[in-house]
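A closer look at the structure
For reference, the chains in residue letters:
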Amino acid sequence: MPRTPASLPASPPLSESQLDALAEVGEERTADVGDVLFRVGDQRYPFIAIVEGEVAILDPAGHEIVRHGTSRFLGELSLLSGQTAFLSAVATHRPA
């Protein structure tokens with residue numbers, strides 16, 4: 001049976017202190033709806049913590065498999081293993 005986005009396990013939300021720690025070593029960027037944050041085949045991309053808004057994770061065919069929102073993070077194992085990204089991430093919502 002195929003897994004739907006609602007049935008996929010989600011990463012735990014980052015706490016305020018974890019977001020603060022990331023802010024000390026990272027940089028804050030704003031993405032507009034439709035911006036591609038990384039795509040299948042990218043050799044490098046940053047670890048991404050979502051402060052506001054939502055990001056859709058897409059499979060290679062462009063189908064949404066999960067959506068992450070505020071206090072969630074994006075980062076595939078490929079960040080550590082050196083493999084290319086096997087999914088894509090697209091900004092889908094930005095608070096007004």
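Heads up: these notes are all about the structure in this document.

Calculation criteria
- Residues numbered from 1 in each chain as written.
- Predicted model: local features only at pLDDT ≥ 70, side-chain atom pairs only at ≥ 80, totals over all residues.
- Heavy atoms only, no water.
- Helix = DSSP H or I, 4+ residues; strand = E, 2+ residues; numbered from the N terminus.
- Buried < 20%, exposed > 50% of the residue type's maximum accessible area, 1.4 Å probe, protein only.
- Contact = heavy atoms within 4.5 Å.
- Phe/Tyr/Trp six-rings, centres within 6.5 Å; stacked < 30°, edge-to-face > 60°.
- Pairing = 2+ DSSP bridges.
- Axes fitted to C-alpha atoms, helices over the stretch in contact; angles between N-to-C directions.

Following the sequence through the fold, Glu76 ends up in the loop between β5 (73-74) and α2 (78-81). The class for Glu76 is buried, based on a relative accessible area of 9%. Distance from Glu76 to Leu87, taken between C-alpha atoms, is 8.4 Å for residues eleven residues apart in sequence. Residues within four places of Glu76 in sequence aside, it is in contact with Phe38, Tyr45, Ala85, Phe86 and Leu87.

Below, the discussion takes up the packing of aromatic side chains. Evaluation of the coordinates by the stated rule reveals two aromatic pairs. The interplanar angle of 25 degrees and the centroid separation of 4.1 Å between the aromatic rings of Phe38 and Tyr45 together place this pair among those described as stacked. Take Tyr45: its relative accessible area is 12%, and that puts it in the buried class. Considering the side-chain rings of Phe47 and Phe73, the 5.4 Å spacing of their centres and the 25 degrees angle between planes classify their relative orientation as stacked. Of this pair, Phe47 sits in the loop between β1 (36-38) and β2 (48-49) while Phe73 sits in strand β5, placing them 26 residues apart in sequence. What makes Phe47 partly exposed here is its relative accessible area of 40%.

Attention now goes to the sheet that holds strand β3 (residues 54-58). Pairing within the open sheet is antiparallel, and its four strands lie in the order β1-β6-β3-β4. Looking along the sheet, the strands with just one partner apiece sit at the ends: β1 and β4 (64-68). In this sheet, neighbouring strand axes are inclined to one another by 30 degrees on average, regardless of whether the strands run parallel or antiparallel. With two bridges joining them, β1 and strand β6 (residues 88-93) adopt antiparallel strand pairing. Pairing of Phe38 across the sheet is with Ala89, part of β6.

Note that Ser71 resides in the loop between β4 and β5. For Ser71, the residues in contact, after removing those within four places along its chain, are Pro13, Leu14, Leu19 and Ile50.

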